[in-house]
Amino acid sequence: EHLVVRGKPVEDGDDQHQNRAHQRARREVQCAGADAGDGLNSVFGMAVDSRNRVLWVTTGVLPQTGLGEGETVGTELVALDLITGDVYRRYSIEGAERLADVTVRDGIVFVTDSGANRIYRLRALDGDLEVLSGDARFASLQGLALAQGALYVADYALGLWRVDLESGAATLVTPGSESLIGIDGLHLVESASPEDLNALGLPLIVTSSHQGELIQS
């Protein structure tokens, strides 16, 4: 498993595996459609949940969001039907300020809140958002990815956190020669080799499974 950070877009034809993945993703969501009429304002993150046939979307507002005069809205995690695009359910939690990025594995959803600097978890479609971690050291939570038995979360101001899935305890990953400041997005790549990723010009981080140490960058 490899965590890729600050990856650049891949041009058509650069990699057959990447192109096939993009094609599969397009087939998954090509029929889905939702907009402000469905309560989606500014969208910050999306993740496909193949187990539940859901597209997870985080939405909220920024100064640039086009709201009507006097209109106020909160921030939510929204489940959209992958086929129809209909809103299946909306999820909110007290104290949330701006739900940002989202990732999902085995039907369990993890979300960062870049306003309140908390990490939330949703265990099931019929469940409720819960706080997994609200470490006071968090400064600017962004992208997140599950890897090697833990949740890795980008903090734009501080670097990369390893968060225990049971206790929610957060450990700041110790950097090597590369700075981890300014990371926005994280993506787990399971099938490609380090050589393949390097050939595409993608920065690579391989983390240890327990200590939160940077092994390779």
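Right above here is the structure, for reference.
Because the structure is predicted, anything quoted here is derived from the model rather than measured. (Residues numbered from 1 in each chain as written. Predicted model: local features only at pLDDT ≥ 70, side-chain atom pairs only at ≥ 80, totals over all residues. Heavy atoms only, no water.)

Colleague: Even after reading the chapter, I still don't get the overall build of the protein, so can you show me in this structure?
Modeller: When helices and strands are counted, the protein shows two helices and 16 strands. Here the protein holds 217 residues, and the buried ones make up 42% of them. Residue pairs at least 24 apart in sequence account for 49% of intrachain contacts in the protein once pairs closer than 6 positions are excluded. About 11500 Å² of surface is accessible on the protein, with carbon and sulfur atoms providing 45% of the total. (Helix = DSSP H or I, 4+ residues; strand = E, 2+ residues; numbered from the N terminus. Buried < 20%, exposed > 50% of the residue type's maximum accessible area, 1.4 Å probe, protein only. Contact = heavy atoms within 4.5 Å. Areas by Shrake-Rupley, 256 points an atom, 1.4 Å probe, with all protein chains shown as cover.)

Colleague: What am I meant to see in the nonpolar core here?
Modeller: Nonpolar side chains in soluble globular proteins tend to end up buried together. Judged by nonpolar contacts, the single largest core of 16 residues is most densely connected at Trp56, Leu77, Tyr91, Val109 and Leu129. If you list the elements that add at least two residues to this core, you get strand E3 (54-60), strand E4 (76-81), strand E6 (99-105), strand E7 (108-113) and strand E8 (118-122). No other element matches the three residues that E6 contributes to this core. In terms of nonpolar packing, the next biggest core, distinct from the first, is built from 12 residues, Leu146, Val153, Trp161 and Val163 among them. (Core = buried A, V, L, I, M, F, W, Y, C linked by side-chain atoms within 4.5 Å.)

Colleague: What is the right way to read the sheet that holds strand E11 (residues 150-155) from this model?
Modeller: In any sheet, the strands associate via hydrogen bonds between backbone groups, in a parallel or an antiparallel arrangement. In space, the four strands of this open sheet follow the order E10-E11-E12-E13, with antiparallel pairing throughout. In this open sheet, the two strands that pair with only one neighbour each are strand E10 (141-147) and strand E13 (170-172). Strand-to-strand twist of the sheet, defined as the mean angle between neighbouring strand axes without regard to direction, takes the value 25 degrees. In terms of strand pairing, E10 meets E11 through five bridges, oriented antiparallel. Bridge pairing in E11 links Leu146 to Leu151. (Pairing = 2+ DSSP bridges. Axes fitted to C-alpha atoms, helices over the stretch in contact; angles between N-to-C directions.)

Colleague: Explanation requested: the pattern of salt bridges in the structure shown.
Modeller: As a working rule, side chains carrying opposite charge can pair if their charged atoms are close by. Applying the stated criterion to the full structure yields six salt bridges. Glu76 is the salt-bridge partner of Arg90, the closest N and O atoms lying 2.8 Å from each other. On the criterion of sequence distance, the pair formed by Arg90 in strand E5 (residues 87-91) and Glu76 in strand E4 is long-range, its members being 14 residues apart. By relative accessible area, Arg90 is classed as partly exposed at 29%. The closest approach of N and O atoms between Asp128 and Arg89, which form a salt bridge, is 3.5 Å. Here Asp128 is found in the loop between E8 and strand E9 (130-133), whereas its partner Arg89 is found in strand E5, with 39 residues between them in sequence. Relative accessible area serves as the criterion here: at 57%, Asp128 is assigned to the exposed category. Each of Arg121, Arg123 and Glu130 takes part in salt bridges that share partners, so that together they form one network. (Salt bridge = Lys/Arg side-chain N within 4 Å of Asp/Glu carboxyl O.)

Colleague: Can you help me understand the pairing of E11 in this one?
Modeller: Of all six residues in E11, six are buried, a share of seventy percent or more. Along E11, one buried face is formed by Ala150, Tyr152 and Ala154 and the opposite face, lined by Leu151, Val153 and Asp155, is buried too. From the end of E10 to the start of E11, which pair antiparallel, there are two residues, and Gln148 there has a positive phi angle of about 50 degrees. When E11 meets strand E12 (residues 159-163), the two strands line up antiparallel, connected through five bridges. In the strand pairing of E12, Leu151 is matched with Val163. Hairpin remark: E11 followed by E12, antiparallel, with three residues in the connecting loop.

Colleague: I would appreciate a short explanation of the sheet that holds E4 in the present structure.
Modeller: Strand order across the open sheet formed by four strands is E2-E3-E4-E5, with antiparallel pairing between neighbours. Of all the strands in the sheet, the pair left with one neighbour each is strand E2 (42-49) and E5. Averaged over all pairs of adjacent strands, the angle between strand axes in this sheet comes to 20 degrees, irrespective of strand direction. Two strands pair when backbone bridges link them, and E2 and E3 are joined in this way by seven bridges, in the antiparallel orientation. Residue pairing for E3: Ala47 is matched across the bridge by Trp56.

Colleague: Sorry, what's going on with the pairing of E12 here?
Modeller: Successive side chains on a regular strand alternate, one facing one side of the sheet and the next facing the other. Summarising burial for E12: five of the five residues are buried, a large majority. Alignment of E12 against E13, held across three bridges, turns out to be antiparallel. What sits directly across from Trp161, in E13, is Leu172. Counting the residues that bridge the hairpin from E12 to E13 gives six residues, and of these Gly168 lies at a positive phi of roughly 80 degrees.

Purely spatial values, then, with no claim about function.
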